[in-house]
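# Understanding the architecture of this molecule
Chain by chain, the residues:
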Amino acid sequence: MQQIAVIGAGTMGNGIAHVFAQNGFKVNLIDVSAPALEKALQTIDKNLERQLSKGSITEELRQQTLQNIATFTDIPNGVKSAELVVEAATENTDLKLKIFRELDQHTAPGAILATNTSSISITSIATVTKRPEKVIGMHFMNPVPVMKLVEIINGYATTREVTDTIVTLSEKLGKVPCVVNDYPGFIANRILMPMINESIYSLYEGVAGVAEIDTVMKLGMAHPMGPLQLADFIGLDVCLSIMRVLHDGFGNPKYAPCPLLVNMVTAGYLGVKSGEGFYKYEKGSKELTVSSRFSIRN
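Definitions and limits used
Residues numbered from 1 in each chain as written. Predicted model: local features only at pLDDT ≥ 70, side-chain atom pairs only at ≥ 80, totals over all residues. Heavy atoms only, no water. Helix = DSSP H or I, 4+ residues; strand = E, 2+ residues; numbered from the N terminus. Rg over C-alpha atoms; globule rule 2.2 N^0.38 Å. Buried < 20%, exposed > 50% of the residue type's maximum accessible area, 1.4 Å probe, protein only. Areas by Shrake-Rupley, 256 points an atom, 1.4 Å probe, with all protein chains shown as cover. Lys, Arg positive; Asp, Glu negative; His and termini not counted. Charge placed at Lys NZ, Arg CZ, Asp CG, Glu CD. UniProt positions renumbered as here; feature names shortened; annotations may be inferred. Contact = heavy atoms within 4.5 Å. Disulfide = S-S within 2.5 Å. Core = buried A, V, L, I, M, F, W, Y, C linked by side-chain atoms within 4.5 Å. Expected span 1.5 Å × (residues − 1). Pairing = 2+ DSSP bridges. Axes fitted to C-alpha atoms, helices over the stretch in contact; angles between N-to-C directions.

### Remarks on the overall build of the protein
- Helix and strand counts for the protein come out as 12 helices and 10 strands.
- Relative to the 2.2 N^0.38 estimate, which gives 19 Å for 298 residues, the radius of gyration of the protein is 20 Å and therefore close to what a compact globule would have.
- Taken over the C-alpha atoms alone, the protein extends approximately 60 × 45 × 35 Å along its principal axes.
- Taking all 298 residues of the protein together, 45% fall into the buried category.
- Total accessible area on the protein stands at roughly 14600 Å², and carbon and sulfur atoms take up 54% of it.
- The averaged location of the 29 negative side-chain charges in the protein is 1 Å from the averaged location of its 27 positive side-chain charges.

### Some thoughts on unusual backbone geometry
- Residue P143 is reached from N142 by a cis peptide bond, and omega for that bond is 0°.
- As for its position among the elements, P143 is in the loop between β6 (135–140) and β7 (149–154).
- For F186, which is not a glycine, the phi torsion comes out positive at approximately 55°.
- Relative to the helices and strands, F186 resides in the loop between β8 (176–181) and α8 (188–204).
- Residue F186 is classed as buried on the basis of its relative accessible area of 3%.
- One non-glycine residue, A222, adopts positive backbone phi at about 60°.
- Within the secondary structure layout, A222 lies in the loop between α9 (210–221) and α10 (227–234).

### Description of the UniProt feature "binding site: NAD(+)" (unreviewed entry) in the protein
- UniProt records the feature "binding site: NAD(+)" (unreviewed entry) for G8, A9, G10, T11, M12, G13, D31, E91, K96, S118, N142 and K273 in the present numbering.
- Relative to the helices and strands, A9 resides in the loop between β1 (3–7) and α1 (11–22).
- For A9, the residues in contact, after removing those within four places along its chain, are N14, L29, I30, D31, A36, L37 and A40.
- Here T11 lies in helix α1.

### Comments concerning the state of the cysteines
- Taken as a whole, this structure holds 0 disulfides when the rule is applied.
- Its sulfur unpaired, C239 is 12 Å from the next cysteine sulfur, which belongs to C258.
- We classify C258 as buried; its relative accessible area is 0%.

### Remarks on the nonpolar core
- In terms of nonpolar packing, the biggest core is built from 34 residues, with F20, L84, M138 and F140 touching the most fellow members.
- With 6 residues, the single largest contributor to this core is α1.
- Leaving out residues up to four positions away in the same chain, F20 has contacts with I4, F25, V27, L84, V86, M138, F140, L169 and L173.
- Membership of the second largest hydrophobic core comes to 24 residues, among which are A231, C258, Y279 and F294.

### A short note on the UniProt feature "domain: 3-hydroxyacyl-CoA dehydrogenase C-terminal" (unreviewed entry) in the protein
- Feature annotation in UniProt assigns "domain: 3-hydroxyacyl-CoA dehydrogenase C-terminal" (unreviewed entry) to the following positions: residues 185–281.
- Between the end C-alpha atoms of residues 185–281 there is a gap of 28 Å, over a span that is 63% helix and 2% strand.

### Considerations on the side chain of N14
- Mapped onto the elements, N14 comes out in helix α1.
- Judged by its relative accessible area of 8%, N14 is buried.

### Quick word on α9
- The terminal C-alpha atoms of α9 lie 16 Å apart, and with 12 residues this matches the ideal 16 Å at 1.5 Å per residue to within 8%.
- Turning to α9, the residues buried within the fold contact α8, α10, β9 (279–280) and β10 (289–290).
- In the segment just after α9, A222 is the residue with positive phi, at about 60°.

### Describing the sheet that holds strand β2 (residues 26–30)
- Pairing is mixed in the open sheet, where 8 strands are placed in the order β3-β2-β1-β4-β5-β6-β7-β8. With partners counted over all chains shown, the strands left at the sheet margins are β3 (69–72) and β8, one partner each. Within the sheet, the average angular offset between the axes of one strand and its neighbour, ignoring direction, is 25°.
- Relative to β3, β2 runs parallel, the two being bridged by 4 bridges. Bridge pairing in β3 places I30 opposite F72.
- Contacts from α1 reach β1, β2, β3, β4 (84–87) and β6, with the element oriented near 170° to β2.
- The sheet strands contacting helix α7 (residues 160–172) are β4, β5 (112–115), β6, β7 and β8, and the helix crosses β6 at an angle near 25°.

Structure, rendered in structure tokens:
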């Protein structure tokens, strides 16, 4: 397998394209937005420069990685030669179903169709194709060039051969694959998101402040980042979307998203991407400042 197509040039898509290209694969990076593709290439180049400055890659590998990436603004031309497609579009069910219908029409019959979804059912996505046995989840972690884990999710009809192919491929990328089954949230988000949601509930109920909650989890549980800061990094809209997938999928009230999370997303306070969530983010500043909307309640 040499020819890969990646759908979506956002944070996850450009990271996935970067990793495949750096490991010798030819990558077609596809996005409807030409400016998004240009920005993705700039991001990849910047990340390669960082690797170069740390001595983890050579200048020759940096140049070769960039040469391995071609860009397209349409799916049919971008995927026609692909042996594997990794969809990394926005975490929206209707959009993913639309993309997979199109992929099924324009890829070779033997091509494997993977999705980077962090919570949406692989089985549901597979049903809109004529090859459900070749549909699989390939959930990379952010930032993709740095994080080692790939959560591989079998849909109900995914064959062992396809799973084995994706496991081997992940290992070739220098990743550690973990195979799980297709239930709401899989493993990563079934465990992570309720923890984040409970942290938001603790803030909402006045148990502790933002910095205190994050400090307890960092120093007490050895987490590299507190749950509220992590929620900002992931995007509060994404966290809410995943909590709703869990709540709908299991029908269990323990997965109900915290009202504070709902309010923040409704108001547009999404974390890093909007400049403010539980913390404030200013361009060029690495200082972590708690949002003025939150203060310790005595």
